[in-house]
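Listed here are the chains, written in short residue letters.
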Amino acid sequence: DAKTTQPNSMESNEEEPVHLPCNHSTISGTDYIHWYRQLPSQGPEYVIHGLTSNVNNRMASLAIAEDRKSSTLILHRATLRDAAVYYCILRPDRGSTLGRLYFGRGTQLTVWP
Amino acid sequence: DTGVSQNPRHKITKRGQNVTFRCDPISEHNRLYWYRQTLGQGPEFLTYFQNEAQLEKSRLLSDRFSAERPKGSFSTLEIQRTEQGDSAMYLCASSRPTGGYGETQYFGPGTRLLVL
């Protein structure tokens, strides 16, 4: 399974944009890039996913490099409630590992008031 | 949707005892997953059901662990002869197929197990 590399931690001030990077140099052509986050004492929750094109939803934006070897999760205006561990995950679109998610250690985002 | 629920939320047990956790997925979600999370680590996959069939098991799932989903609805995870190394958060997630790669897994709040 393709691996991802994320910084262990990042910090931001409230109401500022946050760019969370993820490297996935061994990504295959059929791997989707998913982001989940985990707030303290909660289970992970889905944030966004994409394949090649940049994606936007109400929670965040996902910018995918042209060579797909890296991506960036963008929180446009961080709030205190965005403080969480953010996981970048590659998901193959076929094969026996279709069901599972590989989380890694993620990036701990601290948001300062 | 009422969300994925897990019971109990916390469990303290003594080494050697058996424990059982329950997960109720979102209704009509036919896929159900169990993960384990230890402190400072991301969740690790344990096993996966599609309806009542257990389709995938991790090597982390030793023979002391057994999971069932008898009617394709709720699931149970049993740990026999617990060890201190089993102390962790046990997470359940459910999903419905939307073509595989795009499906979202919805997680419950987890059951935190402490083995003394």
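Residues numbered from 1 in each chain as written. Chains lettered and ligands numbered in written order. Predicted model: local features only at pLDDT ≥ 70, side-chain atom pairs only at ≥ 80, totals over all residues. Heavy atoms only, no water.

**A short note on the overall build of chain B**
Here is step 1 of the chain: Along the backbone of chain B there are zero helices and 11 strands.
Here is step 2 of the chain: Its helices and strands taken in sequence order, chain B reads β-β-β-β-β-β-β-β-β-β-β from the N to the C terminus.
Here is step 3 of the chain: The C-alpha atoms of chain B give a radius of gyration of 14 Å, which matches the 13 Å a tight globule of 116 residues would have.
Here is step 4 of the chain: Taken along the three principal axes of its C-alpha coordinates, chain B extends 40 × 25 × 20 Å.
Here is step 5 of the chain: Here chain B, with 116 residues, has 49% of them falling under the buried criterion.
Here is step 6 of the chain: The contacts of chain B with a sequence gap of at least 6 include a subset with a gap of at least 24, amounting to 53%.
Here is step 7 of the chain: Surface summary for chain B: the accessible area is close to 5900 Å², and the carbon and sulfur share equals 44%.
Here is step 8 of the chain: Each charge class in chain B can be summarised by its mean position, and for the 15 positive and 12 negative side chains these summaries are 6 Å apart. (Helix = DSSP H or I, 4+ residues; strand = E, 2+ residues; numbered from the N terminus. Rg over C-alpha atoms; globule rule 2.2 N^0.38 Å. Buried < 20%, exposed > 50% of the residue type's maximum accessible area, 1.4 Å probe, protein only. Contact = heavy atoms within 4.5 Å. Areas by Shrake-Rupley, 256 points an atom, 1.4 Å probe, with all protein chains shown as cover. Lys, Arg positive; Asp, Glu negative; His and termini not counted. Charge placed at Lys NZ, Arg CZ, Asp CG, Glu CD.)

**Brief notes about unusual backbone geometry**
Here is step 1 of the chain: Cis geometry is found at the peptide bond from N7 of chain B to P8 of chain B, where omega equals -10 degrees.
Here is step 2 of the chain: Locating P8 of chain B in the fold gives a position in the loop between β1 (5-7) and β2 (10-13).
Here is step 3 of the chain: The phi dihedral of R68 of chain A is positive, around 65 degrees, even though this residue is not glycine.
Here is step 4 of the chain: Looking at the secondary structure, you find R68 of chain A in the loop between β6 (61-64) and β7 (70-75).

**Observations regarding the pattern of salt bridges**
Proximity of charged atoms lets side chains of opposite charge pair with each other.
Residue and element names in this part refer to chain A.
Here is step 1 of the chain: The final tally for this structure, using the stated rule, is six salt bridges over all chains.
Here is step 2 of the chain: One salt bridge connects R37 with E45, and the closest N-O pair in it is separated by 2.7 Å.
Here is step 3 of the chain: Looking at E45, the relative accessible area reads 30%, which means it is partly exposed.
Here is step 4 of the chain: D82 is the partner of R37 in a salt bridge, and the nearest nitrogen-oxygen pair spans 2.8 Å. Residue R37 is found in strand β3 (residues 31-38), and its partner D82 is found in the loop between β7 and β8 (84-92); the two are separated by 45 residues along the sequence.
Here is step 5 of the chain: One connected set of salt bridges, linked through shared partners, spans R37, E45 and D82. (Salt bridge = Lys/Arg side-chain N within 4 Å of Asp/Glu carboxyl O.)

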